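Structural characterization, general
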Amino acid sequence: MALPSVWSVMRVAIPFISVVGLLSVRLVGASQDSGSVIPAESRPCVDCHAFEFMQRALQDLKKTACNLDTR
C-alpha cells in the first residue's frame, strides 16, 4: 500500500485545521459573560469624554506655555 504524498496530506490537513480553529474561536467568543458590561447609565457619554479630554489638553497647553515663559 502506497503512502500518500506530503502535499496531498497537507491539502486536507490545512483546511481541516482552519475550520477547527475558526469554530473554536467562535465558541470561545460565545461563552464570554455579558455580565461584565458596564450599564449605559453609569458610563459617561461621548460628549463628556471629549469635553474632559479637551480640558486636560488645554491644561497641558497652559502648563507648557508657563514652562516656556519661565525659561
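The structure under discussion appears in the preceding block.
Residues numbered from 1 in each chain as written. Predicted model: local features only at pLDDT ≥ 70, side-chain atom pairs only at ≥ 80, totals over all residues. Heavy atoms only, no water.

1. Quick notes on the overall build of the protein chain
Here is the rule we go by: Where helices and strands are cited, they refer to DSSP runs of H or I of at least four residues and of E of at least two residues respectively, numbered from the N terminus. The buried label goes to any residue with under 20% of its type's maximum accessible area, the exposed label to any with over 50%, and the partly exposed label to all in between, with areas taken from a 1.4 Å probe on protein chains only. In this description, accessible areas are obtained by the Shrake-Rupley approach with a 1.4 Å probe, and a residue is regarded as covered only by the protein chains that are shown.
Scanning the protein chain from N- to C-terminus turns up two helices and zero strands. Relative to its full complement of 71 residues, the protein chain shows a buried share of 0%. When the accessible surface of the protein chain is summed, it comes to about 7,100 Å², and 68% of that surface belongs to carbon and sulfur atoms.

2. Remarks on a nonpolar patch on the surface
Selection criterion: Candidates for patches are residues over 30% relative accessible area with no salt bridge; among them, like charges are joined within 9 Å and nonpolar side chains (Val, Leu, Ile, Met, Phe, Trp, Tyr) within 5 Å. Basic side-chain nitrogens of Lys or Arg form a salt bridge, by our definition, when they fall within 4 Å of a carboxyl oxygen of Asp or Glu.
Nonpolar side chains collect at one region of the surface, where V6, W7, M10 and I14 lie side by side and expose about 470 Å² of accessible area between them. Mapping I14 onto the fold places it in helix α1 (residues 6-30). Look at I14 and you get partly exposed, because its relative accessible area is 48%.

3. What to know about the environment of S18
So the rule is basically this: Throughout this description, a polar contact denotes any pair of N or O atoms lying within 3.5 Å of each other; where both atoms belong to protein, one of them has to be capable of donating a hydrogen while the other can accept it, and for residues adjacent in sequence the pair is counted only when both atoms sit in side chains.
Within the element layout of this structure, S18 appears in helix α1. Using a relative accessible area of 37% as the deciding quantity, one classes S18 as partly exposed. A polar contact is formed between the side chain of S18 and the backbone oxygen of I14, at a distance of 2.9 Å.

Purely geometric stuff here, so don't read any function into it on its own.
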